[in-house]
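# Observations on the three-dimensional arrangement
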Amino acid sequence: MKNIVIFASGTGSNAENIIKYFKNNSLIQVGLIVCNKSNAGVLSIAQNFNIPFLIVDKPALEQLANDWKNEKIDLIVLAGFLWQIPDSLIKAFPNKILNIHPSLLPKYGGKGMYGAKVHEAVISNHEKESGITIHYVNEHYDEGEIILQKSCIVNLNETAESLSAKIHFLEFEFLPLTIEKLLQ
Ligand code: GRF
């Protein structure tokens, strides 16, 4: 059984989508959700689907590489996780940590570029397209090797909300597929 760990800080709609996608898969499972906020929506999702979860503070996050020395973890997926991943974890899981970013990196990436801020910046710069980037995580925010990008049109009357909905649509389609491909 291939084991996925999802890290999320917020609503967790991507986490939910990934859990549902692999729910009846006998080869791949979501084994754990890691979250840094005790009131995050993703924790109710973990409970609803009976997925174990772990709430971490920064020292606990630093400890994970050590705690997981004997665990079989095949892929770590950052789905809206807002803290930087410690180097110890990146070293312990080379090319096994993915992030999904809601823009076409390298545009609109980096520290402070998350959620609605990304979409607002895209719209105020009159970009004609935006999209998603699935990439490996290295020591620098949003700079690891790109695995997949998919784009969507930004309309003249686009709002951060409408753009976010388009982006989520792309994420829901392509994130589980990419995970599956990487684990096969
Ligand atoms: C997604 O848009 C993802 O690209 C970004 O954070 C958002 C998480 O949304 N990294 P959700 O919590 O999965 O709804």
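Data block above holds the structure.
Residues numbered from 1 in each chain as written. Predicted model: local features only at pLDDT ≥ 70, side-chain atom pairs only at ≥ 80, totals over all residues. Heavy atoms only, no water.

So, about the packing of aromatic side chains. The tally for this structure, following the rule as stated, stands at four aromatic pairs. Arranged with centres 5.1 Å apart and planes meeting at 90 degrees, the rings of Phe-7 and Phe-81 form a pair that is edge-to-face. With Phe-7 in strand 1 (residues 2-8) and Phe-81 in the loop between strand 4 (75-78) and helix 4 (87-92), this pair connects stretches of sequence that are 74 residues apart. Of the two residues, Phe-7 and Phe-81, neither departs from the other in class, the shared state being buried. These aromatic residues form a ring-pair network of at least three members: Phe-7, Trp-68, Phe-81 and Phe-93. The ring of Trp-83 is capped by Lys-58, whose NZ or CZ atom sits 4.7 Å from the centre of that ring. (Phe/Tyr/Trp six-rings, centres within 6.5 Å; stacked < 30°, edge-to-face > 60°. Helix = DSSP H or I, 4+ residues; strand = E, 2+ residues; numbered from the N terminus. Buried < 20%, exposed > 50% of the residue type's maximum accessible area, 1.4 Å probe, protein only. Lys NZ or Arg CZ within 6 Å of the ring centre and 35° of its normal.)

Moving on to the nonpolar core. Note that soluble globular proteins tend to have their nonpolar side chains buried in a common cluster. Counting 38 residues, the largest nonpolar core has Ile-4, Ile-6, Ile-18, Val-30, Ile-33, Val-42 and Ile-179 as its most contacted members. The dominant element in this core, judged by the number of residues it contributes, is helix 6 (residues 160-183), at seven residues. Not counting residues up to four positions away in its chain, the partners in contact with Ile-179 are Ile-4, Ile-18, Phe-22, Leu-75, Val-77 and Leu-98. (Core = buried A, V, L, I, M, F, W, Y, C linked by side-chain atoms within 4.5 Å. Contact = heavy atoms within 4.5 Å.)

This part is about the site of the ligand. If you check the shell around the ligand, you find Thr-11, Gly-12, Ser-13, Asn-14, Gly-80, Ile-100, His-101, Pro-102, His-168 and Glu-171 and nothing else. Contacts to the ligand include Ser-13, whose side-chain N or O atom sits 2.5 Å from an oxygen atom. Within the side chain of Glu-171, an N or O atom sits 2.3 Å from an oxygen atom of the ligand. If you list the elements that add at least two residues to the shell around the ligand, you get helix 1 (13-22), strand 5 (97-101) and helix 6. Classifying every residue of the shell around the ligand by side-chain character gives two nonpolar, seven polar and one charged. (Near = heavy atom within 4 Å. Polar contact = N/O pair within 3.5 Å; in protein donor to acceptor, adjacent residues only side chain to side chain. Nonpolar A, V, L, I, M, F, W, Y, C, P; charged D, E, K, R; others polar.)

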